[in-house]
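Report on the structure
Chain by chain, the residues:
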Amino acid sequence: MTERWVFGFEDLSDAEEIVDGWDGVRSLLGGKGANLALMSRMGVPVPPGFTVTTRACLDYLRDEAMPDGLWDEVVEAVRRLEKESGQTFGGGDDPLLVSVRSGARISMPGMMDTVLNVGLSDAAVERLAHHTGDPRFAFDSYRRLVQMFGTVVLGVRDEPFEDVLTQRRADKGVDSDAELTVEDLREIVSDFKAIVARWSGTTFPDDPFEQLRMAVEAVFASWNTPRAIAYRSASGIADDLGTAVNIVKMVYGNLGADSATGVAMSRNAATGAPGLEGDYLVNAQGEDVVAGTRPTLPLDQLATDMPEVYGELVEIAGRLEKHHRDIQDMEFTVERGKLWLLQTRNAKRTARAAVRSAVEMVDEGLIEPTEALMRVAPDHVEAFLHPQLAPSPDGSRTPFATGLNVSPGAAVGRAALDADLAARWAADGEKVVLVRPETKPDDVHGMLAAQGILTARGGRTSHAALVARQFGRPAVVGAHALEVDLGAREIRAGDTVVAEGDWLTIDGTTGEVHLGALELMVPDLADEWLRRLLEWADEHRRLGVRANADTPVDAERARAYGAEGIGLCRTEHMFFDPARLPIVQRMIVTESDRERSDAISALLPHQRRDFAGLFRVMDGLPVIIRLIDPPLHEFLPGAVELTRRVHDIHVRLTTAADMDTLEELADELEEARFMLRRVHELGEANPMLGLRGVRLGLLMPELVRMQVRAIFESALAVAGEGVEVHPKIMIPLVADAEELRRMRTMLEEVAHDVLEMADVEIDYAFGTMIEIPRAALTAAEIAQTADFFSFGTNDLTQMTFGISRDDAEGGFLMRYVEEGVLAESPFHSLDEGGVGRLIDIAVRDARELKPDLEVGICGEHGGDPASIGRFDRLGLDYVSCSPFQVPVARLAAAQSALEDP
């Protein structure tokens, strides 16, 4: 059967016969084409047109030529448009003009190309002027075509065209292109054609069909532009989908005061609140709204300016939202009082809008709670924890500029005035705020690299706003008081001047822009819609969610975020406290057993307070405490630092003026020399594979005995306060079952001694961290002694790959990912084929012996949504992650359960 490349909007049934379901139609016709056809079927006023399929695009990109038969189908479809409209394409007394627009299966706002007013020529523009009685409109449309054709199709930079417009406005003393006369526009068209000839080496084509063919090929090619590739990479969109091309009869929003163009959202895209929201412009074409080159009007003003049009738009928005069961982003044009819809799609929205709209659509009966859970991405939940501006210490703070609050959250960074610079600075570790007059699709790489985005122009539906909401970047747009001077590399607002590189703080929640780097704070999760969504998640997930927490403050935050216990308390973090570190260092370096015993005894009350604080916060929930794990060298100063210290003391000795000073320096020198000698004696060639974990406990048993004593003594004290305590002691870095057996036997004696004296029962358990491949492979033997397993996937990944994470992530590993050697960093997302298989073997073998063995994971993978799904499939009981990742993990676990019941 011959491939069909073109479908009219009236041919939706034909497309449905070729593919399966609505997803298939969207894959074939792209989201825009499919929705235009659907709106046409629903009786929504849509201009007539047709769609060239995504398959045609993929064939074109593969062969670098239009597939056989495609052009004949396009010409035939144009002839049908001529017959339907009574116009002639690019000719006759009333010329038919068309727009040529991209439309991939998954919306990529602004990333691919559009050409408007295709079909105009020197002859056609005069006929259009005569037919409409509006020469200014005709030549405004013509100059737009020449500019868009030059930039999109012929690859001419946009700046020469913009320079002509800027100079013409200055010469005429006007602020906007809309104020230029028809004579100005005639001359601008001539200037634009000269720019095309000079910069492209070819003349602007007069033949409408040549224009159309070149425009279609340009839209196909835009699928592989750097900005589109960067957007797909950031969004997780496959590269093999291709884009459809939609060829639509032009309707004109620039025909006078009764014409307009705009973008409408069926709900507020920043907050999710019900009600139509958006921007529009009178006497303009659609690109003017999203480009931000003219100050837009709020959509509710349309209710006053064109009440009948506004009422019709509200009714259509309601129908479309009800049909698609999601927030709709609609482009519309009003031509001399008649409303036309040019597009609808599921709207890009902020995290708050995504959560609120999903929950409220459940309340409205549009969707079920399970669909709401699947609709909200884990990244949306994480965005609720984005920094916010801390309150001003004196209660007052004056911004130096304000704009539209289009994407919430606060951002601090150095002002970068172009996207390339923002990307370079970010790659060097700098925090950046990208500041532009208005953003364009080519800026997307800088927008993704920046902490936040600030533009002088643009509205709530501008390119900057859409991309910022899509990727969770705080953004303020349309700060009209700002003048972004790209020549001087500075920003001005009245008398205030900000040089490129100066610090800025933007507040996307309020729309304020502040000088300097203001203090940020982490918000709480008080949002009522998020609370309800996470309650639904808890009803559906199988995996428990615990937190990695070492202090009562972290534990309180974790519990407030919904953690069901502590899955990892790293006791070594407690030893780094400045008040304790000298005691720990004395314990390590002393050559006296008595002095070591005294140091360990001095640590005991500190550890009791630590554990008691965690037990109080986690009243009734399990607390897994990992005994000391890292090598001892981490608590000691480095040899280089100590050598320098010895040298400095020698220098000071040579200049000492009195005996008291000499004696003090001599004591310091002796102590420094002793420490340096002990550091050398205790040094290991590879300490991360040396004396640490269970090995350290077996060779320095008094240290872990003290820790276990502290655990049980604090548990008893807190239990006496009425707190329900469930301590679980985790023994790290076990490689052999005998290590765990000996360690547990020794530590059980301590627990027994403490509990026997108190005559109180405490529900406790001993388990181990599986972080060595051999431990995973011998899990059945280890399980004979363990009450629970917790997989430490950070070290397990390092040892499985033979890669040092600290070295690799700043070095070759990123090159591996960039060049496709590895699909992703195994430290960010679980390596299913290697590390995941080891976990699977360990769980299966251990549970053959102990079917009820509790198994969890406490590595950083515990907060990664993709990894959480894998752990769920492996049959783990819980994941443990940072307190800030607990809400994300709750949702991701529910989504995994719903995807694989």
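Everything here concerns the structure above.
Computed from a predicted structure; not experimentally measured.

It is worth spelling out the overall build of the chain at this point. What the chain contains, in helices and strands, is 37 helices and 33 strands. For the chain, the spread of C-alpha atoms along the three principal axes comes to 105 × 75 × 50 Å. Burial analysis of the chain (901 residues in total) assigns 57% to the buried set. Summed over all atoms, the accessible surface of the chain reaches about 36,800 Å², with 48% contributed by carbon and sulfur. One finds the centroid of the 91 positive side-chain charges in the chain at a distance of 1 Å from the centroid of its 150 negative side-chain charges.

This brings us to a nonpolar patch on the surface. Nonpolar side chains collect at one region of the surface, where Leu691, Leu698 and Leu699 lie side by side and expose about 260 Å² of accessible area between them. Structurally, Leu698 can be placed in helix α27 (residues 693-699). On the basis of relative accessible area, Leu698 is assigned to the partly exposed category, the value being 32%.

Mapped onto the secondary structure, Glu438 falls in the loop between β17 (432-436) and α18 (444-449). Given a relative accessible area of 12%, Glu438 falls into the buried group. Of the polar contacts made by the side chain of Glu438, one reaches the side chain of Arg457; its length is 2.5 Å.

Here the structure, examined in full by the defined rule, presents zero disulfides. Not part of a disulfide, Cys858 finds its nearest cysteine sulfur in Cys881, a span of 11 Å. For Cys858, a relative accessible area of 4% puts it in the buried group. Residue Cys881 is classed as buried on the basis of its relative accessible area of 1%.

Turning our eyes to something else, we now look at the environment of Ala612. For Ala612, the location among the structural elements is in helix α24 (residues 593-617). Sequence spacing of Ala612 and Leu61 is 551 residues, and the spatial spacing of their C-alpha atoms is 65 Å. Once you skip the residues sitting within four places of it in the chain, Ala612 turns out to touch Ser714 and Val718.

Moving on: the sheet that holds strand β6 (residues 114-118). As summarised here, the arrangement of the five strands in space is β1-β2-β7-β5-β6, forming an open sheet in which the pairing is antiparallel. This sheet does not close on itself; its edge strands, each paired only once, are β1 (6-8) and β6. Strand-to-strand twist in this sheet, taken as the mean axis angle between neighbours without regard to direction, amounts to 20°. Here three bridges tie strand β5 (residues 98-104) to β6, and the two strands are oriented antiparallel to one another. Bridge assignment links Val100 to a residue of β6, and that residue is Val115. Of the strands in this sheet, β2 (49-52), β5, β6 and β7 (243-249) touch helix α9 (residues 208-221), which is tilted by about 150° from β7.

Moving on: the pattern of salt bridges. For the structure shown, the criterion picks out 79 salt bridges. Arg531 is the partner of Glu535 in a salt bridge, and the nearest nitrogen-oxygen pair spans 3.1 Å. Of this pair, Glu535 and Arg531 both sit in helix α20 (residues 528-540), four residues apart, which is roughly one turn of that helix. Given the relative accessible area of 37%, Glu535 is considered partly exposed.

This part takes up the environment of Ala775. Along the polypeptide, Ala775 turns up in helix α30 (residues 773-777). Judged by its relative accessible area of 0%, Ala775 is buried. Between the C-alpha atom of Ala775 and that of Leu796, which follows or precedes it by 21 residues, the distance is 9.7 Å. Contact partners of Ala775, with chain neighbours within four places excluded, come to Val734, Ala735, Ile770 and Ile782.

Another aspect to go through is the pairing of strand β11 (residues 328-335). For β11, a buried count of seven out of eight residues is recorded, marking the element as mostly surrounded by other parts of the structure. Both strand β8 (residues 260-267) and β11 contribute to a ladder of six bridges, which runs antiparallel. For Thr261, the partnering residue across the bridge sits in β11 and is Thr333. Hairpin connection between β11 and strand β12 (residues 338-346): a loop of two residues separates the two successive antiparallel strands, and Arg336 in this loop has a positive phi of roughly 50°.

Let's shift gears to the side chain of Thr793. Its place among the elements puts Thr793 in helix α32 (residues 793-801). Looking at Thr793, its side chain comes within polar contact range of the side chain of His861, at 2.8 Å. Leaving out residues up to four positions away in the same chain, Thr793 has contacts with Leu830, Ile839, Ile857, Gly859, Glu860, His861 and Phe871.

The N-to-C vectors of helix α6 (residues 135-153) and helix α7 (residues 159-172) enclose an angle of 150°; their axes lie 10 Å apart at closest approach. Relative to α7, the element α6 lies roughly antiparallel. Residue-level inspection shows Arg143, Val146, Gln147, Gly150 and Thr151 of α6 in contact with α7, the latter providing Phe161, Glu162 and Leu165. Residue classes in the contact of α6 with α7 are distributed as three nonpolar, three polar and two charged.

This paragraph deals with the nonpolar core. Formed by 135 residues in total, the largest nonpolar core has its most connected members in Phe615, Ile731, Leu747, Phe789, Phe791, Ile839 and Leu876. A total of 10 residues in this core trace back to one element, the largest contributor, which is helix α28 (residues 701-719). Residues contacting Leu876, with those up to four places away along its chain left out, are Leu543, Ile839, Val843, Val855, Gly856, Ile857 and Phe871. In this structure, Leu180, Ile195, Val216 and Ala228 belong to the second largest nonpolar core, which totals 90 residues.

Here the focus is the sheet that holds strand β32 (residues 854-857). Here we have eight strands rolled up into a closed barrel, ordered β26-β27-β28-β29-β30-β31-β32-β33, and parallel in their pairing. The sheet shows a mean angle of 25° between the axes of neighbouring strands, direction not considered. With two bridges connecting them, strand β26 (residues 544-548) and strand β27 (residues 566-570) associate as parallel partners. Bridge pairing in β27 places Asn548 opposite Leu568. Sheet strands in contact with α24 are β27, β28 (622-626) and β29 (726-731), and its direction is about 155° off that of β28. α28 contacts β28 and β29 of the sheet and is inclined by roughly 175° relative to β29.

Turning our attention to the pairing of β7. By the criterion of burial, β7 is predominantly enclosed, with seven of the seven residues buried. Burial along β7 is two-sided: the residues Thr243, Val245, Ile247 and Lys249 and Ala244, Asn246 and Val248 are all buried. As defined by bridge partners, β5 adjoins β7 across seven bridges and the pair is classed as antiparallel. Opposite Ser99, over in β7, you have Val248 as the bridge partner.

Our next topic: helix α36 (residues 865-873). Within the span of α36, buried status applies to Ser867, Ile868, Gly869, Arg870, Phe871 and Asp872. In this fold, the buried residues of α36 make contact with α32, α35 (835-849), β32, β33 (878-881) and α37 (886-899). Where α36 terminates, the next one or two residues include Gly875, which has phi positive at roughly 85°.

Let us look at a negative patch on the surface. Together, Asp658, Asp660, Glu663, Glu664, Asp667, Glu670 and Glu671 make up a region of like negative charge exposed at the surface. Note that Glu670 resides in helix α26 (residues 659-682).

Taking 1.5 Å per residue, 18 residues should reach 26 Å; helix α13 (residues 307-324) reaches 26 Å between its end C-alpha atoms and fits that length. Among the residues making up α13, those that are buried are Val309, Tyr310, Leu313, Ile316, Ala317, Leu320, Glu321 and His324. Angular distribution of buried residues about the axis of α13 spans 130°; they occupy a single face of the element. Among the exposed residues of α13, those pointing more than 90 degrees away from its buried face are Pro307, Glu308 and Lys322. Positive phi shows up at Arg325, right after α13, with a value of about 55°.

The geometry of helix α4 (residues 70-85) relative to α9 is characterised by a closest axis approach of 12 Å and an angle of 120° between their N-to-C directions. In terms of axis orientation, α4 runs oblique to α9. In the crossing of α4 with α9, the sense of the turn from one axis to the other is right-handed. Residue-level contacts link Leu70, Trp71, Val74, Val75, Val78 and Arg79 of α4 to Phe209, Leu212, Arg213 and Phe220 of α9. Residues that form the contact of α4 with α9 fall into these classes: eight nonpolar, no polar and two charged.

Rules used in this analysis
Residues numbered from 1 in each chain as written. Predicted model: local features only at pLDDT ≥ 70, side-chain atom pairs only at ≥ 80, totals over all residues. Heavy atoms only, no water. Helix = DSSP H or I, 4+ residues; strand = E, 2+ residues; numbered from the N terminus. Buried < 20%, exposed > 50% of the residue type's maximum accessible area, 1.4 Å probe, protein only. Areas by Shrake-Rupley, 256 points an atom, 1.4 Å probe, with all protein chains shown as cover. Lys, Arg positive; Asp, Glu negative; His and termini not counted. Charge placed at Lys NZ, Arg CZ, Asp CG, Glu CD. Patch = residues over 30% accessible without salt bridge, like charges linked within 9 Å, V, L, I, M, F, W, Y side chains within 5 Å. Salt bridge = Lys/Arg side-chain N within 4 Å of Asp/Glu carboxyl O. Polar contact = N/O pair within 3.5 Å; in protein donor to acceptor, adjacent residues only side chain to side chain. Disulfide = S-S within 2.5 Å. Contact = heavy atoms within 4.5 Å. Pairing = 2+ DSSP bridges. Axes fitted to C-alpha atoms, helices over the stretch in contact; angles between N-to-C directions. Parallel < 35°, antiparallel > 145°, perpendicular 65-115°, else oblique. Nonpolar A, V, L, I, M, F, W, Y, C, P; charged D, E, K, R; others polar. Core = buried A, V, L, I, M, F, W, Y, C linked by side-chain atoms within 4.5 Å. Expected span 1.5 Å × (residues − 1). Arc of directions from axis to C-beta. Left-handed = near helix turned anticlockwise from the far one by under 90°.

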